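Observations on the model geometry
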Amino acid sequence: MSAFICAVDQGTSSSRSIIFDKSLNIISIGQRELPSYYPQPSWVEQNAEEIFASVVSVISESLIKARLSGKDLKAIAITNQRETTIIWDKKTGDPVYFALVWQSRQTSDLCEEKRKKGYEPLFRRKTGLVLDPYFSASKIRFILDHIPMGQERAENNELCFGTVDTWLSYKLSLGKIFKTDVSNASRTLLMNIETCQWDEELCHAWNIPMSILPEIVDTSEIIGEVDASFFGAAIPIAALVGDQQAALFGQLCLSEGDVKNTYGTGCFILMNTGSQRIQSKHGLLSTVAWRFKGETTYALEGSVFVAGSAIQWLKEGIGLIRHSEDTERICHQVKDTHGVVVVPTFVGLGAPYWKSDVQGAIFGLTQGSNDQHIIRATLESIAFQSSDVIMAMEKDAKQSIKKLKVDGGASRNDFIMQFQADLLHTEVVRPLISETTALGAAMLAGLAIGVYKSTADLSKVWKTSQIFKPQMDEKTRKEKLERWRMAINAVTAFKCDHHEN
Ligand code: ADP
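Residues numbered from 1 in each chain as written. Predicted model: local features only at pLDDT ≥ 70, side-chain atom pairs only at ≥ 80, totals over all residues. Heavy atoms only, no water.

Considerations on the nonpolar core
Nonpolar side chains tend toward joint burial in soluble globular proteins. By size, the foremost hydrophobic cluster in this structure holds 44 residues, and its most contacted members are Ile140, Leu189, Leu190, Met191, Trp206, Ile212 and Leu213. Contributions of two or more residues to this core are made by helix H2 (108-116), helix H3 (120-127), helix H4 (136-146), strand S8 (159-162), helix H7 (182-185), helix H8 (200-206) and strand S17 (285-292). Among the elements that make up this core, the one with the highest residue count is H4 (five residues). What Met191 contacts, discounting residues up to four positions off in sequence, is Lys126, Thr127, Val182, Ala185, Ser186, Cys196, Gln197, Trp198, Leu202, Ile216 and Val288. (Core = buried A, V, L, I, M, F, W, Y, C linked by side-chain atoms within 4.5 Å. Buried < 20%, exposed > 50% of the residue type's maximum accessible area, 1.4 Å probe, protein only. Helix = DSSP H or I, 4+ residues; strand = E, 2+ residues; numbered from the N terminus. Contact = heavy atoms within 4.5 Å.)

Quick look at the site of the ligand
Around the ligand lies a shell of 14 residues, among which Thr265, Gly308, Gln312, Gly409 and Asn413 are the nearest. Between Gln312 and the ligand, the recorded distance is 2.7 Å, taken from a side-chain N or O atom to an oxygen atom. Ser324 places a side-chain nitrogen or oxygen 3.2 Å from an oxygen atom of the ligand. When the free accessible area of the ligand is taken as 580 Å², the share hidden by the protein chains comes to 70%. (Near = heavy atom within 4 Å. Polar contact = N/O pair within 3.5 Å; in protein donor to acceptor, adjacent residues only side chain to side chain. Areas by Shrake-Rupley, 256 points an atom, 1.4 Å probe, with all protein chains shown as cover.)

Examining empty space enclosed by the protein
Applying the stated criterion to the full structure yields one cavity of 30 Å³ or more. If you go around the largest cavity, you meet 17 residues; those closest to its centre are Val304, Leu349, Gly350, Ala351 and Gln385. At the level of elements, strand S18 (295-304) and helix H13 (371-397) are the ones that each hand at least two residues to the lining of the largest cavity. Residue contributions to the lining of the largest cavity peak at three residues, all from H13. A class-by-class count of the residues in the lining of the largest cavity yields eleven nonpolar, five polar and one charged. (1 Å grid on protein atoms, 1.4 Å probe; cavity = no way out; pocket = protein on both sides within 12 Å on 5 of 7 lines; lining within 4 Å. Points joined across faces, edges and corners; volume = space filled by probe spheres on them. Nonpolar A, V, L, I, M, F, W, Y, C, P; charged D, E, K, R; others polar.)

Some remarks on unusual backbone geometry
Residue Pro352 follows Ala351 across a cis peptide bond; omega there is -5°. Position of Pro352 among the secondary structure elements: in the loop between strand S19 (341-343) and strand S20 (361-363). Residues other than glycine seldom take positive phi values, yet Ser42 does so here, at roughly 70°. Its place among the elements puts Ser42 in the loop between strand S3 (26-33) and strand S4 (45-46). The phi torsion at Leu252 lies on the positive side, around 55°, for a residue other than glycine. Inspection of the secondary structure assignment puts Leu252 in the loop between helix H10 (243-250) and strand S15 (259-263).

Considerations on the layout of surface pockets
Size it by volume and the second largest pocket reaches roughly 270 Å³. In this structure, the second largest pocket is lined by His282, Pro352, Tyr353, Asp388, Met391, Ala392, Glu394, Lys395, Leu481, Glu482, Trp484 and Arg485. In terms of residue class, the lining of the second largest pocket is built from six nonpolar, one polar and five charged.

Section: the domain arrangement of the protein
Each domain of the protein was delimited in the assignment, giving domain 1 (4-244) and domain 2 (308-388 + 474-493). One C-alpha centre belongs to domain 1, the other to domain 2, and the line joining them spans 35 Å. (Domains from an automatic or database assignment.)

Structural data, given as structure tokens:
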């Protein structure tokens, strides 16, 4: 009998629905772009109703394309943009404010205020995160402060808070499900990462009534059903999972020490740390990867702010290239960067440096430097920045990685992948299915409904597309890393000039 699973991948720029068969082949994809709104510089909002409507429409589209109906689906899995914060009215189910998107910096002042009061170590210790507008807590506070009687309504049990997983499952079940999974909850700054429960002290610090928070459940478990009125049959929702954690699962990084890097606009690097929650000494975050049958797996997470967007800059900023794909061919037209080093730290330096007051730079220019060298050095910078994060992870985890699994748009670039393998002196493995986020969510749902008995079943269907083996000699590798380190030191030393625009 066929067992189809629908994975909803609700991302920041689009919503997608992918239907998988039992062997995890992709049967169909539905996709719809999603607008963001920018009411002020650095504020990013979305319309929660638009998010929901886009999800219903992409699920329908994927069913139609696959010539299936709702009753053919054994389960739905939801993976989502993380941290994005939605508050709605418990009675009507209507959002009371825009969804505040993870990228939005509109709560910087609120976080600064908490930092001044000395809260930072508490958040770091209890949540594994840093005190930053990125995470949900300050966004909840902002909404409660910006709607009429917000605090009173929250205290009177009239409001619900949810990240996107919670919002979607609530709406799809016509309000019957009010839950979030541990991977999503671990990104709110309100969950104690040891107990995996909402923490009274943390909620108190933000004056957030605990009654507005959803129940925390396993990542892989049947949490209720999509109402039959949507797709003609009641469909179990069998997984909720944050997008980066889903990709870690979809890459089959299931053992301690396994690492994946998603090369998109930025890079998201996660290392499975098993049942151990590692407190980073190098500015990385600790987070929950997933919880299955009550057993929690943890991860270390680090990100690179500017990765694929450096290639966008080559295209749209300085006009050196026409298409992202062209960069690979161009890189091979020169034998090296001729000493050029590009540091594309346009929005500050993230892990392991954490310096916000840093701008980008190009070093090593000579009369002989040309656009190909600059392009090649820009691509190399993506691998250098990723190596910095991965080497920090190795120090925190006190082990070297054995291989790096890769996905995301820029992982299609063989030049970057080879250079990454060279720098890390580690194999880089690119899977056949590049949709690892949806794949991971579908696998987690499949485990919950028993389509797969164990993760061993999953390894059988996961296929490698290409392996990049390290080829660079050790001396060259050391020299390159040393020059990169010098460039990082130089951008850090350079005094930042703040121009608007
Ligand atoms: P996101 O999910 O962050 O929107 P994607 O995973 O879709 O990102 O990746 C898009 C990014 O990948 C873009 O910044 C683009 O410049 C880059 N990219 C896509 N294809 C290539 C390629 N062949 N070589 C290098 N970069 C690429």
